[in-house]
Amino acid sequence: MVRSWYELPEYVRLRRVNGLRLSPDGTRLVAPVSGLGPDGASFHSALWEIDTAPESEGGSAPRRLTRSAEGESVARFLPDGSLLFGSGRPDPDTTSGDAPGAALWLLPAGGGEARQVASRPGGVSSFTVARDSGLVAFTSDTHAGSETAEADQEARKAREEAGVTAILHEALPIRYWDGDIGPDHPRYLVAEPPADGDSGLGEHRDLTPDAGMALVNASGDLTPDGAALVTEWQVPTGRGSLRTDIVTVDTATGERRTLASDPDHDFGGPLVSPDGRHVLLTRGSAGTYDGEPRDHTLWLVDLATGEGRDLLADHELWPREYAWSADSASVFLVADQNGRRPLFRVDPDSGELTRLTGDHGAYSALNPSPDGRHVFALRDAWDAPPAPVRLDADAADGAPTALRTPGSELTMPGTLTEIETTADDGARIRSWLVLPEEASAESPAPLMLWVHGGPYMSFNGWSWRWNPWLLAARGYAVLLPDPALSTGYGQDMLRRAWGKWGPRTHADVMAITDAAEARADVDADRTAMMGGSFGGYMANWIAGHTGRFRAIVSHASLWALDGFSCTTDLPSVWEREFGTPLAQPDRYTLNSPHLHADRVRTPMLVIHGDKDYRVPISEGLRLWRDLLLHEVDAKFLYFPDENHWILKPGNARIWYETIFAFLDHHVHGKEWTRPELL
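Residues numbered from 1 in each chain as written. Predicted model: local features only at pLDDT ≥ 70, side-chain atom pairs only at ≥ 80, totals over all residues. Heavy atoms only, no water.

### Here we look at the overall build of the protein
Looking only at helices and strands, the protein features 11 helices and 39 strands. Here the C-alpha radius of gyration of the protein, 25 Å, is about what a compact globule of 678 residues would show, namely 26 Å. Residue burial in the protein is summarised as follows: out of 678 residues, 56% are buried. For the protein, restricting intrachain contacts to residue pairs at least 6 apart in sequence, the fraction spanning at least 24 positions comes to 57%. Counting only carbon and sulfur atoms, one obtains 47% of the accessible surface of the protein, whose full area is about 28,000 Å². Distance from the positive charge centre (62 side chains) to the negative charge centre (98 side chains) of the protein: 4 Å. (Helix = DSSP H or I, 4+ residues; strand = E, 2+ residues; numbered from the N terminus. Rg over C-alpha atoms; globule rule 2.2 N^0.38 Å. Buried < 20%, exposed > 50% of the residue type's maximum accessible area, 1.4 Å probe, protein only. Contact = heavy atoms within 4.5 Å. Areas by Shrake-Rupley, 256 points an atom, 1.4 Å probe, with all protein chains shown as cover. Lys, Arg positive; Asp, Glu negative; His and termini not counted. Charge placed at Lys NZ, Arg CZ, Asp CG, Glu CD.)

### Topic: the sheet that holds strand β31 (residues 401-402)
Read across the open sheet, the four strands follow the order β28-β29-β30-β31; overall the sheet is antiparallel. The open sheet has two edge strands with one neighbour each: β28 (362-368) and β31. (Pairing = 2+ DSSP bridges.)

### Section: helix α5 (residues 501-517)
In this model, α5 (17 residues) spans 24 Å end to end at C-alpha, consistent with the 24 Å of a helix rising 1.5 Å per residue. With respect to burial, α5 is a largely interior element, 13 of its 17 residues being buried. (Expected span 1.5 Å × (residues − 1).)

### Some thoughts on the nonpolar core
Ranked by internal contacts, the top residues of the largest apolar core, which has 55 residues, are L449, W501 and I542. Ranked by residues supplied to this core, first place goes to helix α6 (residues 534-543) with seven residues. What L449 contacts, discounting residues up to four positions off in sequence, is L479, P481, V509, M510, T513, A528, M529, M530, I542 and F549. (Core = buried A, V, L, I, M, F, W, Y, C linked by side-chain atoms within 4.5 Å.)

### Notes on the side chain of S23
Positionally, S23 belongs in the loop between β2 (21-22) and β3 (28-36). Judged by relative accessible area, S23 falls into the buried class, the value being 4%. Once residues lying within four places of it in the same chain are set aside, the contact partners of S23 are R28 and F77.

### Let's talk about the packing of α5 against α6
Where α5 contacts α6, the two axes come as close as 10 Å, and the packing angle between them is 85°. As judged from the angle between their axes, α5 and α6 are roughly perpendicular. For the pair formed by α5 and α6, the contact residues are W501, G502, P503, T505, H506, V509 and M510 on the first element and F534, Y537, M538, W541 and I542 on the second. Residues belonging to the contact of α5 with α6 are distributed by class as follows: nine nonpolar, three polar and no charged. (Axes fitted to C-alpha atoms, helices over the stretch in contact; angles between N-to-C directions. Parallel < 35°, antiparallel > 145°, perpendicular 65-115°, else oblique. Nonpolar A, V, L, I, M, F, W, Y, C, P; charged D, E, K, R; others polar.)

### So, the pairing of strand β14 (residues 184-191)
In terms of burial, β14 is a largely internal element, eight of the eight residues being buried. Two strands pair when backbone bridges link them, and strand β11 (residues 136-143) and β14 are joined in this way by eight bridges, in the antiparallel orientation. Across the sheet, A137 pairs through a bridge with V190, a residue of β14. Where β14 and strand β15 (residues 205-206) come together, two bridges link them in antiparallel fashion. Residue L189 lies in a different strand from β15, and its bridge partner there is D206.

### Description of the packing of aromatic side chains
Taken as a whole and judged by the stated rule, the model has 26 aromatic pairs. Pairing Y11 with W464 gives two aromatic rings, centres 6.0 Å apart and planes at 45°, and the pair type is tilted. Here Y11 is found in helix α1 (residues 8-11), whereas its partner W464 is found in the loop between β34 (445-451) and α3 (468-472), with 453 residues between them in sequence. The same class applies to Y11 and to W464, which are both buried. Here the aromatic rings of Y537 and W541 are separated by 6.4 Å at their centres, their planes lie at 25°, and the arrangement is stacked. One end of the pair, Y537, and the other, W541, are both in helix α6, four residues apart, so they sit about a helical turn from each other. Of the two residues examined, Y537 and W541, each falls in the buried class. Following the ring pairs from residue to residue traces out a cluster consisting of W5, Y6, Y11, W450, W462, W464, W466, W655, Y656 and F660. Just above the ring of Y289 sits the side chain of R587; from NZ or CZ to the centre is 3.9 Å. Stacked on the ring of Y176, the Lys or Arg R614 has its end atom at 5.4 Å from the ring centre. (Phe/Tyr/Trp six-rings, centres within 6.5 Å; stacked < 30°, edge-to-face > 60°. Lys NZ or Arg CZ within 6 Å of the ring centre and 35° of its normal.)

### Some words on helix α2 (residues 149-162)
In a regular helix each residue adds 1.5 Å, so 14 residues correspond to 20 Å; α2 covers 20 Å between its end C-alpha atoms and thus fits that length. Of the residues one or two after α2, G163 is the one with positive phi, at around 70°.

### Some points on the environment of L480
Among the secondary structure elements, L480 is positioned in strand β35 (residues 477-482). Sequence-wise, L480 and P468 are 12 residues apart; in three dimensions their C-alpha atoms are separated by 8.8 Å. Look past the residues within four positions of L480 in its chain and what remains in contact with it is W382, S431, W432, V434, W450, F459 and P468.

### With respect to unusual backbone geometry
Note the cis peptide between L172 and P173, where omega equals 0°. In the segment running from G182 into P183, the intervening peptide bond is cis, with an omega of 5°. Turning to its location among the elements, P183 is positioned in the loop between β13 (179-180) and β14. At V74, a position not held by glycine, the phi torsion is positive, near 50°.

### Some details on the sheet that holds strand β19 (residues 256-260)
Across the sheet, four strands lie side by side as β16-β17-β18-β19; this open sheet has antiparallel pairing. Whereas interior strands pair on both sides, the edge strands pair on one side only; in this sheet they are β16 (220-222) and β19. Pairs of neighbouring strands in the sheet enclose a mean axial angle of 40°, with direction left out of account. As defined by bridge partners, strand β17 (residues 228-238) adjoins strand β18 (residues 241-250) across 10 bridges and the pair is classed as antiparallel. In the strand pairing of β18, Q234 is matched with T244.

What follows is the structure, encoded as structure tokens:
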């Protein structure tokens, strides 16, 4: 029997394209592609080559370039066409018995075996390559006071032999996402490209021995000649807060110069123009308690003078990714817009903005071609997983040309449409609606409302973690709204709920749910709701403010905001909008779901991972305890080894199986059946 891709055993086996990189001569595309590992218990990534021509023009089938148990990722080309990539695979040319960390490997341009070209005791975290000279800059976690790799290795050995795992913190942050920060911190090192076909990178020169915590999670880019590294640099601003500046570092001397700094804004994502004259940056504000909400734009800086200006001054677009044209005359960017993520081209001189894609796709991984004719990218949408495409660099509202993909080409078990309504304050609220094939007026489908995370994002593209088609295949209609705080609708959409997360967003979500339930092909008497992160927050808020849903699933959710505010990994960002509970309690009183625990009557499934540092496990534990105290029909699905997302294949299957069983019981009235492996 042929099983469909939306059956869970097949779903976790699907290959997933996770990036795209174009060779310097424009003839080859390389993508990291993940899939189920041979043990069936983890996802592994390999590098695949993709033809730049579609099949109709003779494009060949994708071919796999690498294969190892540890997997490979983060590929970049050297000027000669050889490919650098990161991998934790063991080096066959060494006799060390130590467990390998992430290292840099090189695949020759003409083919052949990959070889390791750089390793460090703290591993290699990220890297970039100078387009013309081939100089490589990479980050590696290094212990304070260690001037050499050997000294760093000794520091690690001493801690291990003494049985010490403790970390002494003197400043925030102390952790990020699901990892601890310290006792080692990233530094940038540079090295010349390999001198021949047998050698590794040249001598590793430490550019930032005094970095401390300034380069934690930093990204950087080299000028084409490799003379300077342009990188993010975190600056403490007091009371546990940080500001992100942009600095340039002379790769010969290590001399550092501040390029972009503003006490009220953070800069990030530096990208140097091919002619070496300018740098693209994001310029963002986290908002102010009594003022404007978050904002985000694309900033152009003169590399020599540091003078900067807003490239999107006349447009309320938040750039998600961007790239230079090969001649430095144009900038390509993608930004959320009306439930899509189109590709745009902007003229840096005139500011003229042209939308290049006219479909409902969400674009990423931008790679302009050297001849200026095309932009290669990944395209996804709610009805299509990420796949490589070729786009015309000049045509307004153009259509993508599909390339042959190493990923999974899927047929959806239903249809995708969109609906909209008007909120009580007059704002337009739109949503995607996934409908199962059998939904009709004669056979209306039960409705599942999903609220997105963020909250500063948009439901505009494919999700492997939260895939509505798995529910559609089981007969549910799935509503995917963009309520207040969603991006792609202008700053007013954020102003409506800035500091008013619960009341305003709840009203928007209820209005669009009303619109969906008014359809003849939707069963208004059988509705459920679920969300994760901010969507989980809304799940908790909704549970305390309405009894219209038969079941609610709350994943990685905020419950008691006063406790969350100082245990999340980035408290200072949170405080820009909500303040602190003692000094500014009003927004905590207005918005905290736990204050309405006594009103919760809807059956709830609570899900949380213990390694979640963004929304700590304490939120899930307190929510679960409060539900028990108020005798709510509830269950708690706990993952000791997962973070904010559920990433392991087995755990992902159990996540879906538990949700399906919970919905079968409460929406369809079936007997509760505990998933077998639980």
